[in-house]
Structure formats: structure tokens, C-alpha cells
Amino acid sequence: SILSLLLLTSVSSGFAIYRDRSQHVAASQQMIIQKQQAELTSLKLQISPHFLFNTLNNLRWLVRTKSVDAEEAVLRLSEMMRYMIYQVDKGPVPLTREIGYLKHYVDLQTMRLSPNNRVSLDFDADNPWALVEPLLFVHFVENAFKHGLHPDDEAWIAIRLTLRDGVLRFQTQNRVFSQP
């Protein structure tokens, strides 16, 4: 009887320890996931200060010259900021929203291009409502503008996004300039 009680106590203690350990591991994994989600959200919220300052300077120039494009540029920047602030932490968005964001970004960037710089956009999706993570592509486009343009030499950027039969392909290309 004592041996049975001892065996029963040992087995129940083992189950309790196993359950506690499993709960601890699950809680630890949940904390890691939450930390990674917070880091991803933080990364998505980052906007290149260089882009923002250039855009504001371009807007200032448009306003100063009383250009009819000033109002549209302000609206594009406003839409981009709203998308970045309110959509990032809500999860996947329709591909059309992400493409709209990229178009606004490119439109604002092209305001400052010299005549010898060209940008081409090609978006082709058989399901424009497919879901993607917000701000998934903008860092690639941002790098193409940052490293692929030159004020004096001919330069080009090609951006292509296709979605066919559930396969998404995204590509940016630009000319490479040697560093002085």
C-alpha cells in the first residue's frame, strides 16, 4: 500500500512537472514570437528620412513655383503615411493596396529625377486581391532609387511584380555605378 502510494505520488509528480515544463516552453516560444512580431512591425514603420526630406523639399519647390502638381504630391505623401501608420500592424493586405503604395512612392521619387533618369513599373497580377504583408517590397525599391540613379549619367530603374497561379515574383533592376 505504501509502495502503491509512493508510485502514484511519483507518477503524478512527474506529470505535474511535465505539464509545468510544457507550459513554460510554450510561454517562452510565445514571447519569442511576440518579440519577432514587434521587431517586424518596427522595421515596417521605418521610413527613410532621406526620402521624407527629399519629398518635403520637392513639395516646397512645387508650392513655391505654384505648380498644380503640389496638391497631388501632398495627397500621395499623406496616403503613404496613413498606410504606413495604420496598415502595418493589421496583417496582410490586398496586393492592389501594396502596389498603390509602391506607385505613390515611385511618383514622389520621380519628381526629383533628372531628364537622363528613367523608371519603369510593370505590375501584372492574375489575382490582385491576393494577400501580402504590407511594405514587403518598398525597401527593394528604395535601394534601387538610392543606388541606381546618377545626376549626370544616364540611369534607369526597372520594377516588375507578377503574380501568376499563386506564384509571386518581384524584381528591381538598376544600373550600377562605380564608387569614386
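That block above? That's the structure.
All of the points below concern the structure found in this document. (Residues numbered from 1 in each chain as written. Predicted model: local features only at pLDDT ≥ 70, side-chain atom pairs only at ≥ 80, totals over all residues. Heavy atoms only, no water.)

1. Things to note about the side chain of glutamate 98
Now for step 1: Examined against the element boundaries, glutamate 98 turns out to sit in helix H4 (residues 95-110).
Now for step 2: In this structure glutamate 98 is buried but unpaired, with arginine 97 as the nearest side chain of opposite charge at 8.1 Å.
Now for step 3: A polar atom in the side chain of glutamate 98 sits 2.9 Å from the backbone nitrogen of leucine 135. (Helix = DSSP H or I, 4+ residues; strand = E, 2+ residues; numbered from the N terminus. Buried < 20%, exposed > 50% of the residue type's maximum accessible area, 1.4 Å probe, protein only. Lys, Arg positive; Asp, Glu negative; His and termini not counted. Salt bridge = Lys/Arg side-chain N within 4 Å of Asp/Glu carboxyl O. Polar contact = N/O pair within 3.5 Å; in protein donor to acceptor, adjacent residues only side chain to side chain.)

2. A closer look at the sheet that holds strand S5 (residues 167-174)
Now for step 1: What the three strands build is an open sheet, ordered S2-S4-S5; its pairing is mixed. Of all the strands in the sheet, just strand S2 (117-125) and S5 have a single pairing partner and so form its edges. Within this sheet the neighbouring strands show an average axis-to-axis angle of 5°, counted without direction.
Now for step 2: Pairing of strand S4 (residues 155-164) with S5, which is carried by eight bridges, proceeds in the antiparallel orientation. (Pairing = 2+ DSSP bridges. Axes fitted to C-alpha atoms, helices over the stretch in contact; angles between N-to-C directions.)

3. Details of the packing of aromatic side chains
Now for step 1: Going through the model one piece at a time under the given rule, you end up with four aromatic pairs.
Now for step 2: With centroids separated by 4.5 Å and ring planes inclined at 35°, the aromatic side chains of phenylalanine 137 and phenylalanine 170 adopt a geometry described as tilted. Of the two residues, phenylalanine 137 is situated in the loop between strand S3 (131-132) and helix H5 (138-147) and phenylalanine 170 in strand S5; the sequence distance between them amounts to 33 residues.
Now for step 3: Classification of phenylalanine 137 as buried rests on a relative accessible area of 4%.
Now for step 4: The class for phenylalanine 170 is partly exposed, based on a relative accessible area of 23%.
Now for step 5: Judged by centre distance (6.2 Å) and plane angle (50°), the rings of phenylalanine 140 and phenylalanine 170 are tilted. Taken together, the positions of phenylalanine 140 in helix H5 and phenylalanine 170 in strand S5 put the pair 30 residues apart, joining distant regions of the chain.
Now for step 6: Ring pairing ties together the aromatic residues Phe137, Phe140 and Phe170, which thus form one cluster. (Phe/Tyr/Trp six-rings, centres within 6.5 Å; stacked < 30°, edge-to-face > 60°.)

4. Some words on the layout of surface pockets
Regions of empty space are outlined by a rolling probe, equal in size to a water molecule, passed over the atoms.
Now for step 1: Considered as a void within the structure, the largest pocket measures approximately 240 Å³ in volume.
Now for step 2: Those elements that place two or more of their residues in the lining of the largest pocket are helix H2 (49-64), H4 and H5.
Now for step 3: Across the lining of the largest pocket, the residue classes tally to six nonpolar, seven polar and three charged. (1 Å grid on protein atoms, 1.4 Å probe; cavity = no way out; pocket = protein on both sides within 12 Å on 5 of 7 lines; lining within 4 Å. Points joined across faces, edges and corners; volume = space filled by probe spheres on them. Nonpolar A, V, L, I, M, F, W, Y, C, P; charged D, E, K, R; others polar.)

5. A few points about the packing of H2 against H4
Now for step 1: Contact geometry of H2 with H4 gives a least axis separation of 9 Å together with a crossing angle of 60°. One way to sum up the angle between H2 and H4 is to call them oblique. With respect to the hand of their crossing, H2 and H4 are arranged in left-handed fashion. Across from Phe51, Thr55 and Asn58 in H2, the residues of H4 making contact are Tyr105, Leu108 and Gln109.
Now for step 2: Considering only residue class, the contact of H2 with H4 consists of three nonpolar, three polar and no charged. (Parallel < 35°, antiparallel > 145°, perpendicular 65-115°, else oblique. Left-handed = near helix turned anticlockwise from the far one by under 90°. Contact = heavy atoms within 4.5 Å.)

What is shown is where atoms sit, not what they do.
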